Amino acid sequence: MTTTAPSTRTRTGLKLTDVTLTFGDGDDQVTALDHVDLTVVPGELIAIVGPSGAGKSSLLAVAGGLARPTSGSVVVVDTDLIGLSSRALAAFRRDHLGFVFQSGNLVPALTALDQLRLVEKITGRRATTPPEELLRAVGMDQHAGRRPGRLSGGERQRVGIARALVASPSVLLVDEPTAALDRRRSHEIVEVLAFQTHEFSVATVMVTHDHDVLEHCDRVLEMIDGRLRPL
Amino acid sequence: MFLALRELAFARTRFGLMAAVIAMIAVLMVLLSGLSSGLVVDGVSGLMRSPIGAVAFSEGTKTDSAFTRSEVTRAQSDTWAAQGDVADAELLGTSIVNAKNGDGSPLDLTLFGVEPDGFVTPAAAQGREIAGPGEAVLSSSARDEGVALGDVITLSRLGTTLTVVGFTADQRTFGHVDVAFIPLTTWQEVHAGAMAGEQPSPEAYDVASVVALRGIDGRTPDLAAGDTAAHTSARTIKAAFDSSPGYAAELMTMQLIKAFLYAISALVVGAFFTLWTVQRTRELAVMRAMGASTRFLLTDGVLQAAILLVGALAVGMGVGLAFGGLLQGTGIPFALATGPILAGGALLLGLGLAGAAVATARIASIDPVTALGENR
């Protein structure tokens, strides 16, 4: 199944071609991704929905260079991740990929502002958009000095989005951003994501169970048994 | 460093407890070092603080208690003195005796029979040097036993009397017993078992325990050549320390305790950082997913351990030194020596860092994919 972006886009943010990912062997073999094709262009927010175990997280892992597919190619800004060493993959993630995790997955010891500064330390370079400004962009500038323990779930997720944007990534991979949020906050978070995707011209892939927030997405795909199809 | 400092401040209770444990280990290290140094001073300061460079025992003398077993002659001493690289060679008598002070209080003394004008005879910081038979210059530490200038000490069994004419500037002990420097002739009479007022046979004035040697310009003379010529078994002064009563066994015991302490410290630090790293697995996986290199995370982890160790060791060693200062001068053999304490501190730091490095090395095996969804 091929799922492509609108033809008006020319530059490719993320392109998965015939990607298959299997675990185990023999009778125990599980196919997490089954000949998946996906293209996401800069400034596009796509959502991938599907039941648990359908392969959504596996897709994020492969697209983010966290797992190597059994076959196929994963191209991010003209670089095929398949041929890169682990070290080169880590460097590539630093420079081109942003992650937003469930519940933000923030470092407990760091304030909201330091969460963003940590990315500067990891990448070894200053952010194009200053961390303070990024926090302001997600409405968290008032809470810059707070640690995750003193932030609500929605606030943590906003910080997580700002953190993912520090390195000016080409591709943003978002893992269940509304998993622990109520309906109102879920909408707020995905609105922020959609806005930042367009503002920073990032190719964003969001995995979610939450059908309520799909209205903010440019495209919605469904994954079932490792296969991807338009919803 | 960015993350290390912030985590130290954030988890200050956990790190504080760990720092307290490391500090207590450092206190123990300082106290054990002080006890070791104290035992060295107590065991062999009579030799260590003398200008003797080497000691020649009678041929074939076993190491253990060699000072009391050995017996050499003046001829052997003269042969050593004739060696080209020997600046000084003279007879030295050593024996441990029981005695009583004038007021009847018992005293244990190590008698060092020395030539009154010889190179081994110490200067007296209080009183004067020995000048004739029956005079003694005692270790300064004997004053703590209540001995004073002018006291007359009577040796048990023989009844020989020694008049205290001086005290050395510092502690001079041998086998944990205060040294009394007495004229060689007096020592030879005691060694021969002559009762007070009796004269031993003339041969008694020809022997002593060892030949004390000093090389030209402080260098160690050719001991093998001297041994061949004089039919002796010579050892450097440091090697001769092992012949002090109980010295080797005591030091070995202390070293064993210290070795266990160092091993425990490495294990404790390693175990703490193992647990700490396990607790941080999720955030480490997130940082790895964000592209943090293993080197970045390892450096941060080891720096964190270094800050914790240096801070805790500094506090612990400070407390240990303060406590050790109180112990000095008491009856406990304790001496604060800079070298061993600094070396112990460096060893604790090194081993602690090694333990922490091994513990944090598991960072390299954390799979960044565990930062995602259902894999967490």
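Quick notes on the rules
- Residues numbered from 1 in each chain as written.
- Chains lettered and ligands numbered in written order.
- Predicted model: local features only at pLDDT ≥ 70, side-chain atom pairs only at ≥ 80, totals over all residues.
- Helix = DSSP H or I, 4+ residues; strand = E, 2+ residues; numbered from the N terminus.
- Rg over C-alpha atoms; globule rule 2.2 N^0.38 Å.
- Buried ≥ 20, exposed ≤ 12 C-beta atoms within 10 Å, placed from the backbone.
- Contact = placed C-beta atoms within 7 Å.
- Nonpolar A, V, L, I, M, F, W, Y, C, P; charged D, E, K, R; others polar.
- pLDDT = per-residue confidence, 0-100.
- Pairing = 2+ DSSP bridges.
- Axes fitted to C-alpha atoms, helices over the stretch in contact; angles between N-to-C directions.
- Domains from an automatic or database assignment.
- UniProt positions renumbered as here; feature names shortened; annotations may be inferred.
- Parallel < 35°, antiparallel > 145°, perpendicular 65-115°, else oblique.
- Left-handed = near helix turned anticlockwise from the far one by under 90°.
- Core = buried A, V, L, I, M, F, W, Y, C linked by C-beta atoms within 7 Å.

1. A short note on the overall build of chain B
Next up, step 1: Along its length, chain B carries 11 helices and 13 strands.
Next up, step 2: For 376 residues, the compact-globule estimate of 2.2 N^0.38 gives 21 Å, and the C-alpha radius of gyration of chain B, at 29 Å, exceeds that figure by more than 25%.
Next up, step 3: Each principal axis of the C-alpha atoms in chain B carries an extent, and together these give about 100 × 50 × 30 Å.
Next up, step 4: In chain B, buried positions account for 45% of the 376 residues.
Next up, step 5: Long-range contacts, defined as pairs at least 24 residues apart, comprise 81% of the intrachain contacts of chain B with a sequence gap of at least 6.

2. Focus on the overall build of chain A
Next up, step 1: A tally of helices and strands in chain A yields 6 helices and 11 strands.
Next up, step 2: Taken against the 2.2 N^0.38 rule, which gives 17 Å for 231 residues, the C-alpha radius of gyration of chain A at 17 Å falls within 12% of a compact globule.
Next up, step 3: Dimensions along the principal axes, computed over C-alpha positions, put chain A at roughly 50 × 40 × 40 Å.
Next up, step 4: Taking all 231 residues of chain A together, 51% fall into the buried category.
Next up, step 5: Residue pairs in contact within chain A that sit at least 24 positions apart in sequence constitute 73% of those at least 6 positions apart.

3. Let's talk about the interface of chain A and chain B
Next up, step 1: The interface of chain A with chain B comprises 26 residues on the first partner and 23 residues on the second.
Next up, step 2: When contributions to the side of chain A that touches chain B are tallied by element, the ones reaching two or more residues are helix H1 (56-63), helix H2 (86-96) and helix H3 (112-123) of chain A.
Next up, step 3: At 5 residues, the largest contribution of residues to the side of chain A that touches chain B is made by H3 of chain A.
Next up, step 4: Here the residues of the side of chain A that touches chain B sort into 15 nonpolar, 5 polar and 6 charged.

4. Some words on the confidence of the model for chain B
Next up, step 1: Per-chain confidence: chain B averages 90 in pLDDT, with 98% of residues scoring 70 or above.
Next up, step 2: Scored by ipTM, the complex comes to 0.86, with pTM at 0.77.

5. Details of the sheet that holds strand S8 (residues 171-175) of chain A
Across a sheet, strands are paired by hydrogen bonds formed along the backbone, either parallel or antiparallel in direction.
Residue and element names in this part refer to chain A.
Next up, step 1: Taken in spatial order, the 6 strands of this open sheet run S7-S8-S9-S4-S10-S11, and their pairing is mixed. At either end of the open sheet lies a strand with only one pairing partner, and these are strand S7 (97-100) and strand S11 (227-230). Put simply, the sheet's adjacent strands are angled 20° from each other on average, direction ignored.
Next up, step 2: Of the strands in this sheet, strand S4 (45-49), S8, strand S9 (203-207) and strand S10 (219-224) are in contact with H1, which crosses S9 at around 150°.

6. Focus on the domain arrangement of chain B
All names here are of chain B.
Next up, step 1: Segmenting chain B into domains produces domain 1 (2-44 + 248-375) and domain 2 (60-230).
Next up, step 2: Averaged C-alpha coordinates put domain 1 and domain 2 at centres separated by 47 Å.
Next up, step 3: If you look at the interface, domain 1 gives 4 residues, while domain 2 gives 5 residues.
Next up, step 4: Classifying every residue of the side of domain 1 that touches domain 2 by side-chain character gives 2 nonpolar, 1 polar and 1 charged.

7. Brief notes about the environment of Ala144 of chain A
Residues and elements named next belong to chain A.
Next up, step 1: Relative to the helices and strands, Ala144 resides in the loop between helix H4 (131-137) and helix H5 (153-165).
Next up, step 2: When the 17 C-beta atoms within 10 Å are taken as the criterion, Ala144 is described as partly exposed.
Next up, step 3: For the pair Ala144 and Ser168, spaced 24 residues apart in sequence, the C-alpha to C-alpha distance is 20 Å.
Next up, step 4: Sequence-distant contacts of Ala144, that is, excluding residues within four places in its chain, are made with Thr111, Ala112, Leu113, Glu132 and Leu135.

8. A closer look at the environment of Ser233 of chain B
All names here are of chain B.
Next up, step 1: Inspection of the secondary structure assignment puts Ser233 in strand S13 (residues 232-236).
Next up, step 2: The sequence separation of Ser233 and Val278 amounts to 45 residues, and the corresponding C-alpha distance is 60 Å.
Next up, step 3: In this view, Ser233 contacts Phe57, Glu59, Gly60, Thr61 and Asp227; residues no more than four positions away in its chain are not counted.

9. Points about the pairing of S10 of chain A
Residues and elements named next belong to chain A.
Next up, step 1: Of the pairings in the sheet, the one linking S4 to S10 comprises 4 bridges and is parallel in character. Opposite Ala47, over in S10, you have Val220 as the bridge partner.
Next up, step 2: Two elements, S10 and S11, share 4 bridges in a ladder whose sense is antiparallel. Bridging from a neighbouring strand, Glu222 pairs with Arg229 of S11.

10. Thoughts on H2 of chain A
One turn of the α-helix equals 3.6 residues, which is why residues spaced by three or four share an orientation.
Next up, step 1: Where H2 of chain A is concerned, the buried positions are Leu89, Ala90, Arg93, Arg94 and His96 of chain A.
Next up, step 2: Elements that come into contact with the buried residues of H2 of chain A comprise strand S5 (71-76), S7, H3 and S8 of chain A together with helix H9 (281-289) of chain B.

11. Quick look at the UniProt feature "domain: ABC transporter" (unreviewed entry) in chain A
Next up, step 1: Within this numbering scheme, the UniProt entry marks residues 14-231 of chain A as carrying the feature "domain: ABC transporter" (unreviewed entry).
Next up, step 2: The annotated region residues 14-231 of chain A carries 31% helix and 27% strand content, and the separation between its end C-alpha atoms amounts to 20 Å.

12. Considerations on the packing of helix H1 (residues 2-10) of chain B against helix H10 (residues 294-327) of chain B
Residue and element names in this part refer to chain B.
Next up, step 1: Interaxial distance between H1 and H10 falls to 8 Å at its minimum, and their mutual angle equals 50°. Overall, the two elements H1 and H10 adopt an arrangement that is oblique. The element H1 and its partner H10 pack so that their crossing is right-handed. Within the contact between the two elements, H1 uses Leu3, Ala4, Glu7 and Leu8 and H10 uses Asp300, Leu303, Gln304, Ile307 and Leu308.
Next up, step 2: Residues belonging to the contact of H1 with H10 are distributed by class as follows: 6 nonpolar, 1 polar and 2 charged.

13. Details of the packing of H3 of chain A against H5 of chain A
Residue and element names in this part refer to chain A.
Next up, step 1: Put simply, H3 and H5 touch, their axes get as near as 9 Å, and they point 25° apart. With respect to each other, H3 and H5 are oriented roughly parallel. Between H3 and H5 lies a crossing of right-handed hand. Together, Ala112, Gln115, Leu116 and Val119 of H3 and Val159, Ala162 and Arg163 of H5 make up the contact between the two elements.
Next up, step 2: Of the residues that constitute the contact of H3 with H5, the class distribution is 5 nonpolar, 1 polar and 1 charged.

14. Describing the nonpolar core
Next up, step 1: Ile48, Val62, Ala63, Ala162, Leu173 and Val205 of chain A are the most contacted members of the largest nonpolar core, which has 88 residues in total.
Next up, step 2: Residue contacts for Ile48 of chain A: discarding those within four places in its chain leaves Lys56, Leu59, Val205, Val207, Leu221 and Met223 of chain A.
Next up, step 3: Grouped together as the second largest cluster of nonpolar side chains are 60 residues, Leu35, Phe57, Val72 and Leu223 of chain B included.

15. As for unusual backbone geometry
Next up, step 1: For Asp18 of chain A, which is not glycine, the phi dihedral falls at a positive 50°.
Next up, step 2: As for its position among the elements, Asp18 of chain A is in strand S2 (residues 14-23).
Next up, step 3: Positioned with a positive phi, His231 of chain B is a non-glycine residue whose angle comes to about 55°.
Next up, step 4: Counting through the fold element by element, His231 of chain B comes out in the loop between helix H6 (223-230) and S13.
Next up, step 5: On the basis of neighbour count, His231 of chain B is assigned to the partly exposed category, with 16 C-beta atoms found within 10 Å.

16. Concerning the confidence of the model for chain A
Next up, step 1: Averaged over all residues, the pLDDT of chain A equals 88, while 95% of them reach at least 70.
Next up, step 2: Between residues 1-10 of chain A, whose pLDDT stays under 50, and residues either more than four places distant or in other chains, the model counts 17 contacts.

17. A short note on the pairing of S2 of chain A
Two faces, one strand: in a regular strand the side chains alternate between the faces of the sheet.
All names here are of chain A.
Next up, step 1: Where S2 lies against strand S3 (residues 30-40), 7 bridges are found, and the strand directions are antiparallel. Looking at the pairing, Leu16 lines up with Leu38 of S3.
Next up, step 2: Connecting the antiparallel pair S2 and S3 is a turn made up of 6 residues, with Gly24 showing a positive phi of about 70°.

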